[in-house]
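# A look at the structure
Letter by letter, the chains look like this.
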There are 2 protein chains.
Amino acid sequence: MAKKIPTRLYLSEEEQPRYWYNLRADMKAKPDPILHPGTLKPVTAQDLEPVFCKELVKQELDDDTRLIEIPEGILEFYRAYRPAPLIRAYFLEKELDTPAEIYYKHEGTNTSGSHKLNSAVPQAFYAREEGLENLTTETGAGQWGSALAMATAFYRIGLTVYMVKISSEQKPYRKALMETYGAKVLASPSETTEVGKKILAENPGTGGSLGCAISEALETAMKTPKCRYVLGSVLNHVLLHQSIIGQETKAALDKYGIKPDLIIGCAGGGSNLGGLIAPFMGERIAGKSSTRFIAVEPASCPSLTRGRYAYDFGDTGKTTPLIRMATLGSGFIPSPNHAGGLRYHGMSSILTRLHKDGYLEARSEIQSDVFQAAVRFAKVEGILPAPESSHAIKAAIDEALECKRTGEKKVIVFGLTGTGYFDMTAYISYHAGSMTDHVPTDEELQRGFGTIPDIPQNRQPV
Amino acid sequence: MAKKIPTRLYLSEEEQPRYWYNLRADMKAKPDPILHPGTLKPVTAQDLEPVFCKELVKQELDDDTRLIEIPEGILEFYRAYRPAPLIRAYFLEKELDTPAEIYYKHEGTNTSGSHKLNSAVPQAFYAREEGLENLTTETGAGQWGSALAMATAFYRIGLTVYMVKISSEQKPYRKALMETYGAKVLASPSETTEVGKKILAENPGTGGSLGCAISEALETAMKTPKCRYVLGSVLNHVLLHQSIIGQETKAALDKYGIKPDLIIGCAGGGSNLGGLIAPFMGERIAGKSSTRFIAVEPASCPSLTRGRYAYDFGDTGKTTPLIRMATLGSGFIPSPNHAGGLRYHGMSSILTRLHKDGYLEARSEIQSDVFQAAVRFAKVEGILPAPESSHAIKAAIDEALECKRTGEKKVIVFGLTGTGYFDMTAYISYHAGSMTDHVPTDEELQRGFGTIPDIPQNRQPV
């Protein structure tokens, strides 16, 4: 007889995963190598080490090691807020009157409010281990900056955050949270970098963009002694750290003998989704399961569903190495009406490859539908979700309602990446009926594609 | 050999408590009876039922039943967010370099952000069971209103919240959170009640007070069909519901063979502290333990440390029954510079009695010291605490540092009642150095005492 499934599927401290899962080891076709923007040759560790910590560079370039042991110095921080609850959505199932079983992994119970802490912790840990004294980064909606501020406070190293100017004005509380943890927060573009000064000179009234903030953080890291740059999404090592989400989810589901039919996650740069699916995708690629995987992105920033598969820069300033990914072009800027995160122009090269090879489905949603799903979820499950996470909720509800039509008893798992406590202005705008849905026109997309580098690799058929 | 203590002491779904603990059953001297304000005789169930649900009235007046079974309809909601984590503060211990063991019960992982949900859930449940269609309440800092909005959304009944006007202006996000859950939020004083109109006529520019909001919520409940009033603290039945905190804490500590030497909680109306200590105090009164208990209140609203022990009204409008409690007088209004909750003029009659009889110690703290403790805690434990909870943190740190001086290896447990995500303005003011500490002068206290009713009972020596 099947065990009764509790509302919260728990793992004891002994049952908690001690390894990250490197999904690249399972991929038959690996993500294309990162290219040096000058030579257009694959980057080496030496190329990357002036920018990133050594251990992170090693992880970034490691396509082969499936399980990577998590150091004790990281596990002790993980234990303070993990395992994240894996919750059986009994109330949502009842609300939808669906035969489907719905589970969600709730990453929002830590102070940063999202899954971003899972990568902030190792990135700060390795920086301290390698004798660094400062880190720089960028933040848009603010989850990543908050997470990194918590981690650098804990490991006692300095942090400068370039916060997209319009976000720092709209979200003073996010800024205050980072400052409480001792971070220096600068509105980007700023006067502290050459790239910032240049952008301000050209466009004094700009509200900034994530790509621009990345350029500033990179420049500062390069010119400051004992300082490196850290990024909260997109890169391989970030997805690796986020695999703690999938590792815990799989351990808890296995404990109760549950096999997911469908795993759903929101996707901006792809770190949460890449982490959630990692061990499950390994089984799928090996032919041991037929689990389906769905990436849900905002219709206002649709890199997987409407982007190009091309080598592109990670930043607006065009200073990073080139990553082959689904991209809207580093010059693409989503509508300012778009609330919350998921506004990055590119998508993790791992997820891009899995999508191209038919393992990962993708769809996009407009934000008023997403907020409708968020409020429906909040009222029955008692958790106020982040706008980002609500993209996954929307898709999970749609799939559960499809099960109701067909009578199928599917097991649906989705990632609840965070809470919406710092996104109340968006909820206010939704309630007031003043939320607008902007879907980029083909012309707007073409303008973005025009910023993708014209290099030989991008002229090959994909 | 002692078991290794994990960072988070977990209870499985089967180990979770199914009973509330009614501390009054253990008390040798019971709290004095509530009096009818007209007759000055002890109130009967019939007196209270026009205002409160029947089941809550029964619980309010029950001084004898030690364990009260929690209905399944309430347990199912509790299971969605409980057990609240009981966390060993390994990092704080290391930061303080203390031989003490520190544990805290973290009630802030639910969307309302605090322990208030523990009583909101049963109050909404009983209302629905008794066929009511609407509830009214008041909220100050907003935790209680948020919690009740979540609970009424879940049980599908209506809710009107009178929110202290100055709070509703300073905390638009709290208001938006309640509205997301479908509550109607009115700034108090409002034009919807006689008492509100009267107060506005006398003092058009007033920012309101909790006592005034209570009067408005009560009036609306009395004049609306199928509607009752609910209160989030002070009353006996609220402390009963909050005993789930203590029940879980005790079950988890017992599982690891841990005996607390000291239990610390912040105290406004007293519900969190009363709930946390309930089963432990039972053992102390029975002579089975020598655990010490400490209530920590703000120096700006010091009912236990500087108040009178007297029969007093619960509201500014002087319409409620009379409760014998530590009180500053229903006309006392704490300094507007005081951030967060813990600004009620009176203290639970249970805690007042325990204090009077020597079982409960009390101290007060100024808010700049409290925020300093909050930031220290946040940086090492990774949780941004609510200003209220930080009073307990301040006392726990002081006690742990005292252990460092004496070399004693005490076990200290404190209640972390909630998170500070909706209190960032207070953190901003603390960082900016613009936070002020107001301690009421003797003259200010005397003015408050002047509003305590002059009735025969209050002329007896205490």
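Structure: see above.
Let us look at the structure shown here.

Conventions we followed
- Residue numbers here run from 1 along each chain, matching the order of that chain's written sequence.
- A letter from A marks each chain and a number from 1 marks each ligand, given out in the order of writing.
- Two thresholds apply to this predicted model, a pLDDT of at least 70 for residue-level local features and 80 or more for giving and counting side-chain atom pairs, whereas whole-chain, interface and lining totals are computed over all residues.
- Hydrogens and water molecules were not included; the side-chain quantities draw on all heavy atoms of the structure.
- Only strands joined by at least two bridges in the DSSP assignment are considered to pair.
- Segments assigned H or I by DSSP are reported as helices when at least four residues long, segments assigned E as strands when at least two residues long, and all are numbered from the N terminus.
- Simply put, an axis is a line fit to the C-alpha atoms, just over the touching stretch for a helix, and the angle between two N-to-C directions goes from 0 to 180 degrees.
- Oblique is the label for every angle not falling under 35 degrees (roughly parallel), over 145 degrees (roughly antiparallel), or within 65 to 115 degrees (roughly perpendicular).
- Crossing handedness: left-handed means the near helix sits turned counterclockwise from the far one by under a right angle, and right-handed means the same turn made clockwise.
- Residue contacts are counted whenever heavy atoms from the two residues lie within 4.5 Å of one another.
- Any residue that is not Ala, Val, Leu, Ile, Met, Phe, Trp, Tyr, Cys, Pro, Asp, Glu, Lys or Arg is counted as polar, Gly included; the first ten are nonpolar and the last four charged.
- We place the copies in one frame by least squares, fitting the C-alpha atoms of every residue whose pLDDT is at least 70 in both.
- In this analysis, rings of Phe, Tyr and Trp, with Trp reduced to its six-membered ring, are considered paired at centre separations within 6.5 Å, and the interplanar angle assigns stacked below 30 degrees, edge-to-face beyond 60, and tilted for intermediate values.
- Throughout, exposure labels follow a simple rule: accessible area from a 1.4 Å probe, protein chains only, divided by the maximum for the residue type, with under 20% read as buried, over 50% as exposed, and the rest as partly exposed.
- An arc is given here, and it is the one of the directions from the helix axis to the C-beta atoms.
- Summed over both partners, the accessible area lost on bringing two parts together, with a 1.4 Å probe, is the buried area.
- We define a salt bridge as a contact between a side-chain nitrogen of Lys or Arg and a carboxyl oxygen of Asp or Glu at a distance within 4 Å.

We now examine the sheet that holds strand 15 (residues 411-416) of chain A. All names here are of chain A. Taken together, seven strands build an open sheet; the order of strands is 1-4-5-15-10-11-14 and the sheet is mixed. The two strands at the open ends of the sheet, each matched to only one other strand, are strand 1 (8-9) and strand 14 (360-365). Pairing geometry for strand 5 (residues 101-106) and strand 15, over six bridges, is parallel. Each residue of the ladder has a partner; that of Ile 102, found in strand 15, is Ile 412.

A word on the packing of helix 3 (residues 72-81) of chain B against helix 6 (residues 143-155) of chain B. All names here are of chain B. The interhelical angle for the contact between helix 3 and helix 6, taken along N-to-C directions, is 120 degrees, at an axis separation of 12 Å. When the axes of helix 3 and helix 6 are compared, the pair comes out oblique. Classified by chirality, the crossing of helix 6 by helix 3 is right-handed. Residues Gly 73, Ile 74, Glu 76 and Phe 77 of helix 3 pack against Met 150, Ala 151, Phe 154 and Tyr 155 of helix 6. In the contact of helix 3 with helix 6, the residues fall into six nonpolar, one polar and one charged.

A few words on the relation of the copies chain B and chain A. Look at the two chain copies: a rotation about an axis and a shift along it is all it takes to match them. Mapping chain B onto chain A calls for a screw motion: a turn of 180 degrees about the axis and a shift of 0.0 Å along it, with 0.0 Å RMSD after fitting. The transformation relating the two chain copies, once decomposed into turn and shift, fits a two-fold axis. Relative to the rotation axis, the C-alpha of Thr 109 of chain B is the closest in chain B, positioned 2.8 Å from it. A share of 100% of the interface residues of chain B reappears at the interface of chain A, consistent with the copies meeting face to face through the same patch.

We now examine the packing of aromatic side chains. For the coordinates displayed, the defined rule picks out 33 aromatic pairs over all chains. Both rings, one in Phe 77 of chain A and one in Phe 154 of chain A, keep their centres 4.6 Å apart while their planes meet at 55 degrees; by these two values the pair is tilted. Here Phe 77 of chain A, found in helix 3 (residues 72-81), pairs with Phe 154 of chain A, found in helix 6 (residues 143-155); they are 77 residues apart in sequence, far enough to count as distant. Take Phe 77 of chain A: its relative accessible area is 4%, and that puts it in the buried class. For the pair Phe 125 of chain B and Tyr 155 of chain B, a centre-to-centre distance of 5.7 Å together with 65 degrees between the ring planes defines the contact as edge-to-face. A residue pair is termed long-range when its members are at least 10 positions apart, and Phe 125 of chain B in helix 5 (residues 117-129) and Tyr 155 of chain B in helix 6 qualify at 30 residues.

Moving on, we come to helix 18 (residues 442-449) of chain A. Residue and element names in this part refer to chain A. For helix 18, the full list of buried residues reads Leu 445, Gly 448 and Phe 449. The arc that holds every buried residue of helix 18, seen down its axis, measures 100 degrees, which confines them to one face. Turned more than 90 degrees from where helix 18 packs its buried face, Glu 443 and Arg 447 sit exposed.

Okay, the interface of chain B and chain A next. Taken together, the contact pairs 45 residues of chain B with 45 residues of chain A. Between chain B and chain A, roughly 4,100 Å² of surface is buried when both sides are summed, and carbon and sulfur atoms account for 59% of that area. For the chain B face of the interface with chain A, the top three residues by lost area are Tyr 173, Thr 180 and Tyr 421 of chain B, together amounting to 17%. Counting every contact that joins chain B to chain A gives four salt bridges.

Once that is clear, we can look at the sheet that holds strand 8 (residues 184-188) of chain A. Residue and element names in this part refer to chain A. The strand order 8-7-6-9 describes an open sheet built from four strands, whose pairing is parallel. Bordering the open sheet on either side are strand 8 and strand 9 (227-229), each of which pairs with just one other strand. This sheet shows a mean twist of 25 degrees between the axes of neighbouring strands, independent of strand direction. Pairing geometry for strand 6 (residues 134-139) and strand 7 (residues 158-164), over six bridges, is parallel. The residue of strand 7 that forms the bridge with Leu 135 is Leu 159. Against the sheet, helix 8 (residues 172-180) touches strand 6, strand 7 and strand 8, its axis set at about 175 degrees to strand 7.

A separate point is the environment of Ala 374 of chain B. Residue and element names in this part refer to chain B. Along the chain, Ala 374 falls in helix 15 (residues 367-381). Sequence spacing of Ala 374 and Thr 352 is 22 residues, and the spatial spacing of their C-alpha atoms is 27 Å. Among all residues touching Ala 374, those that are not within four sequence positions of it are Pro 385, Ser 390 and Tyr 427.

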